Structures are given as C-alpha cells and as structure tokens.
Amino acid sequence: MKKFQFASLIGAFFICFTLQNAYADVQNNAQSLSEWQMPMDVAAVPNQGRVQTDGKVEVVEFFWYGCPHCAAFEPTFNQWRGTQPKEVKVLTLPVSWNKAMVTHQRIYYTLEALARLDLHNQVFSDVAAAKDGLTTSASALAWAKKQGISPSQWRAAFNSLAVTQKMQFAQAQFERFGLTGVPALIVDGRYQIILTADTIQTLDTLVKQGLSKAK
C-alpha cells in the first residue's frame, strides 16, 4: 500500500469549515457498526446511499475552489485517483454555502460542460490570486477568455439549466450526508473520512474492502 505525502498541508486536519464533535461522532458511529472495526478517522454518515453509481466502489470528493485546504489536497487526491482500477468510480462535487461559492460551483460545471476540466487545478491557484477570487460571473467570464474559451460558449454553459441542476444535485448530496465542511470524502455512500495525514491510507483501506465485498 503506497502512502502519499502531504508536504504542502499544514496541521493534522485539513478543513475549511469546523466539523463540530467529529471524533465524538466517529466513536458513536463505530459502536453502531459491527461488520468491522472502523479506524478513528472514519465516521458513518446519515442517510446512507451512493450518489449515482451501482456495482462499483464509489468515492465522492466534495470541494470548493476558494478553500486553501482543498487546493492543497487536490494534487495528492488526483495522484491517488490515477492509480485506481476501473471498478472504482471517483466523483468530484463542488459545493457552496454562500453566494460567492455559487460562482465557483458554476465554474466547475461549466468547465465540465465544455470538456475543459484540464483547467480544474489551475482554477484553484487563479481563484487565490484574483482580486475578487473569481466570485462574480463577470470575473469568471474574463478568466475564461484568458484561457481561450469562446465567450458565447462560456455564457451559454455557465447560465444553462443543466449546470444549475448539477449544482443543485451536488448541494443536495452534501446536505444529505450531513457534511459541514470541505474537503470531504465519502466512500460508497456510507463512510466519511475525517481528513488526517493518513487519509490516503484510510481511503485505500475502505476501497479495498469495498472491492473485496463486490467480488
């Protein structure tokens, strides 16, 4: 089992919004599950159920472009994702809890609609560098122009019903799982990993367990 390094992450926990009583919840949930002994950095989520996949192990990453911890975690998570077999389905869902974050949700799904998710990692750094954090539709459009994206195509996707529906879906999943912060990882719609320096190792353990059960 390969353990990835978190050289760029500061502290033992990487979160942008306080997870109140997280470890108390882990202890309580661990006592309610008898099938296996959950690690201390794993909690059972309420309203369990996969987001959209069947027959595979599902890993869902919730994030926000304005979260520095998400930005620091993303390269490590991307590296891990690239090592997974086809049976593991990884989903990335942007979420929000204020108006500025909604723009960032739209940016992600607009890039997805335009087949330009190659710019995903760049958005993290550009959001941090921009004076307004790319929190308005005007600044998002200006950013898109700099990337060589057609303004008309960007506007059409950015304001589309399809993008709005995906944003609403992502938000609904975030709330269904009872999450209160990002970055957040949910495995098979059942387990939330409380991020620590051993997150990737824990993620590997849960995924391998899921793959073993699937067989």
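None of the values given here were measured: they were computed from a predicted structure.

1. Focus on the overall build of the protein chain
- When its secondary structure is counted, the protein chain shows 8 helices and 5 strands.
- Reading the protein chain from its N terminus to its C terminus gives the helix and strand order α-β-β-α-β-α-α-α-α-α-β-β-α.
- For the protein chain, the residues scored as buried account for 48% of the 215 residues in total.
- Residue pairs in contact within the protein chain that sit at least 24 positions apart in sequence constitute 73% of those at least 6 positions apart.
- Roughly 10,600 Å² of accessible area belongs to the protein chain as shown, and the carbon and sulfur atoms make up 52% of that amount.

2. Remarks on the nonpolar core
- If you look at the biggest cluster of nonpolar residues, it comprises 38 residues, and the most contacted ones within it are Phe62, Tyr65, Ile107, Leu111, Trp143, Trp154 and Val182.
- At the level of elements, strand E2 (57–63), strand E3 (88–94), helix H3 (99–113), helix H4 (120–129), helix H5 (137–146), helix H6 (151–158), helix H7 (161–176) and strand E4 (184–187) are the ones that each hand at least two residues to this core.
- Broken down by element, the residue count for this core peaks at 5 residues, all from H3.
- Residue contacts for Phe62: discarding those within four places in its chain leaves Leu93, Val95, Ala170, Gln173, Phe174, Phe177, Leu179, Val182, Pro183, Ala184 and Ile186.

3. Some thoughts on the environment of Glu58
- Topologically, Glu58 is positioned in strand E2.
- Separated by 29 residues in the primary sequence, Glu58 and Glu87 have C-alpha atoms spaced 8.6 Å apart.
- Glu58 has contacts with Arg50, Val51, Gln52, Thr53, Lys89, Leu91, Ile186, Val187, Asp188 and Gly189, leaving out every residue within four places of it along the chain.
- Separated by 2.8 Å, the side chain of Glu58 and the backbone nitrogen of Val51 make a polar contact.

4. Some thoughts on the pattern of salt bridges
- According to the stated counting rule, one finds 4 salt bridges in the structure shown.
- A salt bridge links Arg50 to Asp188; its shortest N-O distance comes to 3.1 Å. In this pair, Arg50 sits in the loop between strand E1 (42–44) and E2 while Asp188 sits in the loop between E4 and strand E5 (191–193), placing the two residues 138 residues apart along the sequence.
- The exposure class assigned to Arg50 is partly exposed, which follows from its relative accessible area of 30%.

5. Structural notes on the pairing of E2
- Summarising burial for E2: 7 of the 7 residues are buried, a large majority.
- The alternating pattern of E2 places Val57, Val59, Glu61 and Phe63 and Glu58, Val60 and Phe62 on opposite faces, both of which are buried.
- In this sheet, E3 lies alongside E2 in parallel orientation, the contact comprising 7 bridges. Opposite Glu58, over in E3, you have Lys89 as the bridge partner.
- In terms of handedness, the path from E2 via helix H2 (residues 68–81) over to E3 forms a crossover that is right-handed.

6. Quick look at the sheet that holds E3
- Spatially, E1-E5-E4-E2-E3 is the arrangement adopted by the 5 strands of the open sheet, whose pairing is mixed. The sheet is open, and its two edges are formed by E1 and E3, each paired on a single side. Ignoring strand direction, the axes of neighbouring strands in this sheet form an average angle of 25°.
- The sheet strands contacting H2 are E2, E3 and E4, and the helix crosses E2 at an angle near 160°.

7. Topic: unusual backbone geometry
- Following Val182, the chain continues to Pro183 via a peptide bond in cis, the omega torsion being -5°.
- As for its placement among the helices and strands, Pro183 is situated in the loop between H7 and E4.
- Phi is positive for Ala115, which is not a glycine, with a value near 55°.
- By the element assignment, Ala115 lies in the loop between H3 and H4.
- One non-glycine residue, Leu134, adopts positive backbone phi at about 55°.

8. Considerations on the packing of aromatic side chains
- In this structure the tally under the stated criterion is 13 aromatic pairs.
- In textbook terms, an aromatic cluster arises when at least three aromatic residues are bridged by ring pairs, as seen for Phe62, Trp64, Trp97, Phe174 and Phe177.
- Above the ring of Phe158, the side-chain terminus of Arg106 is found at 5.9 Å from the ring centroid.
- The ring centre of Phe177 lies 4.2 Å from the NZ or CZ of Arg176, which sits over that ring.

Rules and cut-offs
Residues numbered from 1 in each chain as written. Predicted model: local features only at pLDDT ≥ 70, side-chain atom pairs only at ≥ 80, totals over all residues. Heavy atoms only, no water. Helix = DSSP H or I, 4+ residues; strand = E, 2+ residues; numbered from the N terminus. Buried < 20%, exposed > 50% of the residue type's maximum accessible area, 1.4 Å probe, protein only. Contact = heavy atoms within 4.5 Å. Areas by Shrake-Rupley, 256 points an atom, 1.4 Å probe, with all protein chains shown as cover. Core = buried A, V, L, I, M, F, W, Y, C linked by side-chain atoms within 4.5 Å. Polar contact = N/O pair within 3.5 Å; in protein donor to acceptor, adjacent residues only side chain to side chain. Salt bridge = Lys/Arg side-chain N within 4 Å of Asp/Glu carboxyl O. Pairing = 2+ DSSP bridges. Right-handed = clockwise from strand over helix to strand, strands pointing away. Axes fitted to C-alpha atoms, helices over the stretch in contact; angles between N-to-C directions. Phe/Tyr/Trp six-rings, centres within 6.5 Å; stacked < 30°, edge-to-face > 60°. Lys NZ or Arg CZ within 6 Å of the ring centre and 35° of its normal.

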